[in-house]
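Residue-level listing of the chains:
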Amino acid sequence: MRTPHRATTDRAEHAEHTDHADHAEHTDHADHAAHTDHADHAAHTDHADHAAHTECTATTGPATCDGPGPAPAPPRTLNFGVLAHVDAGKTSLTERLLYEAGAIAAPGRVDAGSTRTDSGAIERRRGITVRTGVASFAVGGRQFNLIDTPGHADFLAEVERALAVLDGAVLVLSAVEGVQPQTRLLMRTLRDMRLPTLVFVNKADRPGARYEGLLADIRRRLAPCPVPLSRTEGLGGRGVRVLPERLDEPEAAARVAEALAGADDELLARVLDGPPPTPGELAAALAAHTADGSAHPVYAGSALSGAGVDALLDGVTTLLPGAAPPPDGTGPHGVVFALDRDADGRKTAQLRLYEGEVRARAALTLHRTLPDGTRETHSGRLTALDVVAPPGTPPAGRLTAGGIARVRGLREVRVGDELGDPYGVRRSGAPARARPRLAAPTLRTVVRPNDPRDAGRLHAALRALAEQDPLLGTGVEPDGSTSVLLNGEVHGEVVAETLAAEFGVEAVFEPGRTVCVERPAGTGEAAEAMGATGRNTPCAAGYWATVGLRVEPGEWDSGVTFRAETERGALPRAFHQAVEDGVRAGLRRGPHGWAVTDCVVTLTRSGFGGPVSTAGDFRAVSALVLARALEQAGTVVHEPYDAFELEIPEDTLPAVLACLGALEAEPEEITEPPAGPDAGPLRLLTGTLPARNTRTAGRRLPGLTRGEAVWWTRRHGDRPRRDG
């Protein structure tokens, strides 16, 4: 068994005789644990003497200083995710990181179905990650929770939930395939969140691997300030060597400073005019710009052979800052980001805690906000609390801020449920990062059981799956069948396999249709009042309730706003809530059959009939009145659009434009991008097209461009549907 990395990287127990500068000359990857103290950045420097030195140096991390005095202790727990385009080697890298850290005896293999985080039968059979997995290791007295996320585009919703609980990320690229469509989407989201992110260029040992050219692609397509912290020898061969950039070597320091100067004007002046930054200053600048998301350290290597992974692990442990400790005395705040069921249907939820603490047997109250704005609250008492921790750690009886735990006993829990307000927490002294916003599903598909007698079981099973993935969006169609929202064909195939394997229901998924929304075109009002046929009689619809509603357009992307013009207290609270519930339920299907959004609904009139009125009367009447008000206002159907970028050979431009025009695309700009040394003239097209045509465009473009098209899309709002 390999010597655990954590046994040789504890910053409190540096080896006294290891010169890190000798690592490249005398140590290959297999012998690393035996010869090298990975954390010993300065040759022959014992950590206990650190404060006595006036300058500390580093290879890839910020463990440096230009003056005496210990640095503040980093947070004890860091939650970081590994993200990638499908087949870039994300899960293999996860296994290798766990192995390098000493958390497992040998790295598992995707092709053998032996990986730790892909534990589901479907994941192992297909060789892809479907659900988020968590594993833990320790280095230098700190705990690192590694979160492995799906790579396939159909499971972006799972990725989005994981992003919300991360303190940092590692984005994996293939040195052969380079920058791929989902890579761009993920990096754009990470940058929008300002989440500290390292980049790992995997498969450096594969034929066709690139590094220098790929760095230029990263700068052009992903992030403007990549900072290479690795050099390669023998790129593209099985014996590739990956050498770390040492900041105490002048040539390496100059390369790092030049790359980092793109994010630091003061550093740029030092690079141009001198004096050059010291290793300590350079390491501090690298750490600061990584932490604020303005620079992205880049490492190269191979997850399968392990080349370069030790340097990446060092970057994770030194450059990803983690969350600052929350103030004392705060109540528990957290979020449920994953959910599983055992064979008996009992739920296990994964809870990330931002503030406070949660103890075993605690009574918790969680809340959720549904897509239509309806708020729900539920409570339960924990029957089990399993805190995620490195192997060999004694069980903990409490979950503290920054940690993750698997909890049981919450019968009504769903993914996305919040304990307190996790998004109001301040992290690292800055406002909490925004929620990640990736594309919502655009296909609604009707699901029918092979055996009609299984219709009830199918509906119950899909509702159970929607607890794990709220964006699955189960609904009941007018004919009584069940429909779901999907991100694509693979998503549907996995849901079908899950239904058969876990619920014993065989089902057929009908061809999907693009999900649209409706928005009010104007203002409409309607009312129903008691006494329609005389005094002390119900309204014309037969309900004991008086309700008047006005519907009008709201601000774009504002969702549904419900308010009242009636006198406060005119209705009992339960009846007032029933009106709002009826309105929100009615807005789920507008005059054209789609959900109505971006509107303001105002209660203009209300009344009840003593002991005979019920909340059910108000819910039913509100839905009827709303439907009439919407008919009067009129609604416009909007369909989702995608923005696209398309890089093609110049001579294929006419055929490509004709294809895009037939698919209702609207090109906005045609430019000439930088071309590689072996590429002919290129053209870069940007524009928009209806999301219903995006997949068709992706299928047609390779044949029109000799397979050389580089096609990338992302969700870009919606527009009125051309056919009305």
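Reference entry: report on the structure contained in this document. Predicted model, so just to flag it, every value in this text is computed and none were measured. (Residues numbered from 1 in each chain as written. Predicted model: local features only at pLDDT ≥ 70, side-chain atom pairs only at ≥ 80, totals over all residues. Heavy atoms only, no water.)

1. Focus on the overall build of the protein
Looking only at helices and strands, one finds 18 helices and 33 strands in the protein. Within the protein, the proportion of its 724 residues that are buried is 53%. Considering only residue pairs separated by 6 or more positions, the protein has 73% of its internal contacts joining residues 24 or more positions apart. Surface summary for the protein: the accessible area is close to 31,500 Å², and the carbon and sulfur share equals 50%. (Helix = DSSP H or I, 4+ residues; strand = E, 2+ residues; numbered from the N terminus. Buried < 20%, exposed > 50% of the residue type's maximum accessible area, 1.4 Å probe, protein only. Contact = heavy atoms within 4.5 Å. Areas by Shrake-Rupley, 256 points an atom, 1.4 Å probe, with all protein chains shown as cover.)

2. Side note on the sheet that holds strand β25 (residues 524–528)
An order of β25-β26-β29-β27 is seen for the 4 strands of this open sheet, with the pairing classed as mixed. The sheet is open, and its two edges are formed by β25 and β27 (560–564), each paired on a single side. Adjacent strand axes in the sheet meet at a mean angle of 20° when their direction is disregarded. Across the sheet, helix α15 (residues 573–586) is in contact with β26 (546–553), β27 and β29 (599–607); its angle to β27 comes to roughly 150°. (Pairing = 2+ DSSP bridges. Axes fitted to C-alpha atoms, helices over the stretch in contact; angles between N-to-C directions.)

3. Points about the packing of helix α4 (residues 90–100) against helix α12 (residues 309–319)
Packing of α4 against α12 leaves a shortest axis separation of 10 Å and a crossing angle of 80°. Judged by the inter-axis angle, α4 sits roughly perpendicular to α12. Contact residues: α4 offers L93, R96, L97 and E100, while α12 offers V309, D310, L312 and L313. (Parallel < 35°, antiparallel > 145°, perpendicular 65-115°, else oblique.)

4. Considerations on helix α10 (residues 265–273)
Its side-chain oxygen placed 3.1 Å from the backbone nitrogen of E266, D264 serves as the N-cap of α10. Directly beyond the C-terminal end of α10, a positive phi value near 80° is found at G274. (Polar contact = N/O pair within 3.5 Å; in protein donor to acceptor, adjacent residues only side chain to side chain.)

5. Section: the pattern of salt bridges
In the structure shown here, the tally under the stated rule is 42 salt bridges. R270 is the partner of E281 in a salt bridge, and the nearest nitrogen-oxygen pair spans 2.8 Å. Here E281, found in helix α11 (residues 279–291), pairs with R270, found in helix α10; they are 11 residues apart in sequence, far enough to count as distant. Take E281: its relative accessible area is 30%, and that puts it in the partly exposed class. (Salt bridge = Lys/Arg side-chain N within 4 Å of Asp/Glu carboxyl O.)

6. Comments concerning the sheet that holds strand β4 (residues 168–174)
A sheet is described by the order of its strands in space; here 7 strands give the open sequence β2-β3-β1-β4-β5-β9-β6, paired in mixed fashion. Only two strands of the sheet have a single neighbouring strand rather than two, namely β2 (133–139) and β6 (226–228). Strand-to-strand twist across the sheet, computed as the mean angle between neighbouring axes with direction ignored, equals 25°. The sheet contact formed by β6 and strand β9 (residues 296–300) spans 3 bridges and is parallel. Pairing of P226 across the sheet is with H296, part of β9.

7. Here's the deal with the nonpolar core
In terms of nonpolar packing, the biggest core is built from 46 residues, with F80, L93, F137, V170, V227, L312 and V316 touching the most fellow members. A per-element tally of this core places α12 first, with 6 residues. Among residues more than four places away in sequence, those in contact with V170 are F80, G81, V82, L83, L93, L198, F200, L312 and V316. Listed in part, the 35 residues of the second largest apolar core include A162, V199, A209 and Y211. (Core = buried A, V, L, I, M, F, W, Y, C linked by side-chain atoms within 4.5 Å.)

8. Some thoughts on the environment of A655
By the secondary structure assignment, A655 is in helix α17 (residues 653–662). With relative accessibility at 37%, the residue A655 sits in the partly exposed group. For the pair formed by A655 and L704, sequence separation is 49 residues and the distance between their alpha carbons is 6.7 Å.

9. Overview of the environment of A466
Inspection of the secondary structure puts A466 in helix α13 (residues 455–468). You can call A466 buried: its relative accessible area is 4%. The spatial distance from the C-alpha of A466 to the C-alpha of R414 is 8.2 Å, given a sequence separation of 52 residues. Residues contacting A466, with those up to four places away along its chain left out, are R414, L472 and T474.

10. So, the packing of aromatic side chains
For the coordinates displayed, the defined rule picks out 5 aromatic pairs. Pairing F575 with F618 gives two aromatic rings, centres 4.8 Å apart and planes at 20°, and the pair type is stacked. In this pair, F575 is assigned in helix α15 and F618 in helix α16 (residues 615–633), connecting sequence segments 43 residues apart. In this structure F575 comes out as buried when scored by relative accessible area, which is 12%. Here the aromatic residues F80, F137 and F144 are joined through ring pairs into a cluster of three or more. A cation over a ring is seen here: R519 above W556, with NZ or CZ 3.6 Å from the ring centre. (Phe/Tyr/Trp six-rings, centres within 6.5 Å; stacked < 30°, edge-to-face > 60°. Lys NZ or Arg CZ within 6 Å of the ring centre and 35° of its normal.)

11. Here we look at unusual backbone geometry
Peptide bonds are mostly trans, and most non-glycine residues show a negative phi. In this structure, P275 follows G274 across a cis peptide bond, with omega equal to -10°. Tracing the backbone shows P275 in the loop between α10 and α11. Look at N536: it is not a glycine, yet its phi comes out positive at around 55°. By the element assignment, N536 lies in the loop between β25 and β26.

12. With respect to the side chain of T688
Among the structural elements, T688 can be located in strand β32 (residues 682–690). Overall, the relative accessible area of 1% leaves T688 in the buried class. Engagement of the side chain of T688 in a polar contact is seen with the side chain of R719, the distance being 3.1 Å. Aside from chain neighbours lying at most four places away, what touches T688 is Y641, D642, A643, F644, E664, A665, E666, E668, H716 and R719.

13. Overview of helix α14 (residues 489–503)
Across its 15 residues, α14 extends 20 Å between first and last C-alpha, which sits within 8% of the 21 Å expected from 1.5 Å per residue. For α14, the complete set of buried residues consists of V490, H491, G492, V494, V495, T498 and L499. Just downstream of α14 lies G504, where phi reads positive at about 70°. (Expected span 1.5 Å × (residues − 1).)

14. Here we look at a nonpolar patch on the surface
The grouping of L268, V271 and L272 at the surface amounts to a nonpolar patch, some 250 Å² of accessible area in total. One can find V271 in helix α10. Classification of V271 by relative accessible area gives partly exposed; the value is 34%. (Patch = residues over 30% accessible without salt bridge, like charges linked within 9 Å, V, L, I, M, F, W, Y side chains within 5 Å.)

15. Digging into the environment of V298
For V298, the position within the fold is in strand β9. Taking the C-alpha atoms as reference points, V298 and P226, 72 residues apart in sequence, are found 6.3 Å from one another. Ignoring anything within four residues of it in the chain, the contact list for V298 reads V199, V201, Y211, L215, I218, P226, V227, P228, L229 and S230.

16. Some points on the pairing of strand β30 (residues 635–649)
Counting buried residues along β30, 14 of its 15 residues qualify, which places the element largely inside the surrounding structure. As judged from the 4 bridges shared by strand β24 (residues 517–520) and β30, these two strands associate in the antiparallel manner. From the neighbouring strand, P520 faces β30, where its bridge partner is T635. Where β30 lies against β32, 9 bridges are found, and the strand directions are antiparallel. Paired with E645 across the strands is T686, a residue of β32.

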